[in-house]
Structure formats: C-alpha cells, structure tokens
Amino acid sequence: MKLLLKERKSSILSPSTLKCLSDTYTLNPTAGCVHLCSYCYARGYSNYPGDGTIVLYTNITKKLENELNRKRKSPGFVYFSPSCDAFQPVKQILDTTYSLMFLLLERGIGVSFLTKGHIPDKFITLFKSHNDLVQAHIGITTLERRLQRLIEPNAATPRIRLKNISSLINIGILPEIKLDPLIPGLTDSTLNLEPLFKILNKLGIKSAGINYLFLRPIIHKNIRKDLGHTKVLKRISQAFHNNVDLSLLANKSRVKALNSYFRKKQYKCISSLAESYNIKTHVCGCKNPDVTKELACRDIWQKYFYKKVSQYQLFDS
Ligand code: SF4
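The structure displayed is predicted, hence computed values, not measured ones.

Parameters and conventions
Residues numbered from 1 in each chain as written. Predicted model: local features only at pLDDT ≥ 70, side-chain atom pairs only at ≥ 80, totals over all residues. Heavy atoms only, no water. Helix = DSSP H or I, 4+ residues; strand = E, 2+ residues; numbered from the N terminus. Expected span 1.5 Å × (residues − 1). Buried < 20%, exposed > 50% of the residue type's maximum accessible area, 1.4 Å probe, protein only. Arc of directions from axis to C-beta. UniProt positions renumbered as here; feature names shortened; annotations may be inferred. Pairing = 2+ DSSP bridges. Right-handed = clockwise from strand over helix to strand, strands pointing away.

Peer 1: Got a sec to walk through helix α8 (residues 231-243)? Specific residues and values, please.
Peer 2: A rise of 1.5 Å per residue sets the reference length of α8, with its 13 residues, at 18 Å; its end C-alpha atoms lie 19 Å apart and thus fit the reference within 8%. Turning to α8, its buried residues are Val 232, Leu 233, Ile 236, Ala 239, Phe 240 and Asn 243. Buried residues along α8 cover an arc of 130° about the axis, so they all sit on one side. For α8, the exposed residues lying more than 90 degrees away from the buried face are Lys 231, Lys 234 and His 241.

Peer 1: Describe in detail the UniProt feature "domain: Radical SAM core" (unreviewed entry) in the protein, supporting the description with residues and values.
Peer 2: UniProt feature "domain: Radical SAM core" (unreviewed entry): in the numbering of this structure it lies at residues 28-190. When the span residues 28-190 is considered, its composition is 34% helix and 18% strand, and the gap between its end C-alpha atoms is 35 Å.

Peer 1: So, the pairing of strand β6 (residues 77-80): which residues are in play, and what are the values?
Peer 2: Along a regular strand, successive side chains alternate from one face of the sheet to the other. By the alternation rule, side chains of β6 split into Phe 77 and Tyr 79 and Val 78 and Phe 80, which are all buried. Across two bridges, the pairing between strand β3 (residues 25-26) and β6 is parallel. What sits directly across from Tyr 25, in β6, is Val 78. Across four bridges, β6 lies against strand β7 (residues 110-115) in parallel orientation. Looking at β7, one finds that Val 78 is bridged to Val 111. Handedness of the β-α-β unit built from β6, helix α2 (residues 91-106) and β7 comes out right-handed.

Peer 1: Talk me through unusual backbone geometry; I want residue IDs and the actual numbers.
Peer 2: Cis peptide bonds are those with omega within 30 degrees of zero, and the linkage from Phe 80 to Ser 81 qualifies with -15°. Here Ser 81 shows up in the loop between β6 and α2. Of note, the amide linkage connecting Asp 180 to Pro 181 takes the cis form, showing an omega dihedral of 0°. Take Pro 181: it is sitting in strand β9 (residues 176-182). Although it is not a glycine, Leu 36 sits at a positive phi angle of roughly 55°. Relative to the assigned elements, Leu 36 resides in the loop between β4 (30-31) and β5 (53-57).

Below, the structure written as structure tokens:
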C-alpha cells in the first residue's frame, strides 16, 4: 500500500450527494481506501487514486477548523465518510481521523460514521465522553472469515467488528448495523444470516439496515477481477443473470439491479428472520426507490441527531 501525503485545496465539508444525507455535511479523510472491498463504488470515482494507493490530506484538520470558524452556525453533525473508511488500519490515517473527530466533538458537533474497520481504544475513550454526539453504523454481512476476506480483503475481521459493537454498547452508544450490500447467492442466505442475527441479538442490537448489491459497471469489473474464477463469482453472476432488472436504473447509468420482485421477496424473508431475533430491519428508499418511498436512513439520523442539535443548523443555505 502506498500512502501519498497531499495538501487539500478544495473544502473539507461537502454536501452529501446521497438522498438520505441531503441536508448533511460529509467528510472524507482520504481518497482511496485500504479495505479494498470488491463491491466498493468509490473505486470508480474520478479522484480515486487506484488500488493500493491512498491519498491522505495533511492539512485537513486545520482546514476543517477554518471552515467551521467561517460558518454562521455549526453543522448539526458530520458524516464520515461516503467514499472511504474513517478507521483504516494505518497510523497516519487514524491519527488524522482522531484529530478531526476530536475537533468536531469538542465543539459539540455530532459525528456519525459507517465502518468496517477496527475502532481503536483511544476513539472509544473519546466517544465515551461525548456519547450523546456519536452515532455509529457498523457494516457486517457475515461471520465467516473466509467469505469476508474474499469480498473485503483488508477490512476488520467479523470478530473485531463484533468487538467494536460491544465496546460501543459498553459506553452507551447503540450502533446501527448495516447489512449492505447483501450479495445474492453469497451473503443473503439463511445459513449465513441466522448466526449473525443470533449474535447481534445477544449483543443487544435492535435494528439493522438491509440492502442488496447494485451492480455498477466498476463494481462488476472489480468483482470479476478480485474474485477471479471462483465458485462465488459464478453464484453472483447466476443470481444477476436470473433476476436482473435493466429498467430500474440501467437506462441512464448502466447499473444492474436485481428485479424488484426478487428484492421485495428477499427483504421480507430477511426481515422476518431478523425479527425472530428481535432485530427490526429497514430498507431505504434512497437505494431501493421501487421497493419503498421511505427514507429510512434519514429517519434514523433525524431521530438520533436532529432533536439533540436543533439549536444548530444542519446545512448552510
Ligand atoms: S470500507 Fe467502504 S470505502 Fe472502504 S473499500 Fe470498503 S466499501 Fe469502499
């Protein structure tokens, strides 16, 4: 892995392009991500430095401080990170993430993150003293280490992600679980999901977001490249071949979606499996507009942060 240190010219806080986060600022400490998940859409972004290269912005904390000082009102919370993981296992990246989160939390600004990495102890200590300002999302779709390593080669093991969950719960932060993306024929089976729901329930998890993989051209290319000629690749190809819907998103963006009948049926099955372990699941309309109009992720953010930070503005108009 090559770490390139660069000065960032553009602003640090960016308005989100995701519908669910449309009134929120997001922040990416790096371009590129060490985890190198096969299904990562950010590997197709124009600023992606290429597999194995990470760009870390050296001036990012200072720039964030300047941007916050210039704002009339503080943002309510900041989301880490739409196109990288804030907890990549590289000391310089973790130090940068820590200084960014520290700056935000010390100013009373909420921090929300989604991670498949290991959250080091010093972050847990930081979050403990600001636990009402931290919202954690933990991505996990399997307990099978071999399977996880195949699709997310450099991300934290399932065991470490479970440890993240219990460390957060111990300091009063109940994380939201993201089973996203579920890969058809691979991670969406009862055999794979039941032991996961069972252990999540034991840890005290109450809710989880579920979403199927949407096959963008870059993801299709990377899955073929990363998984080679394994049986796994055949199973994924088969599922998309049998259930593909080219009409949902494909006309303009060439994204292959599993057809809505298949997704609805599967989401229902997965939801009732989760419910048997007292876990409520939700499907978000930002990624599945043909399944639901509800913006479930946004509702969760709103419930968590908006009432706490109503004295702040969410977004500069
Ligand atoms: S952790 Fe997220 S950003 Fe990083 S490679 Fe995986 S999907 Fe992409």
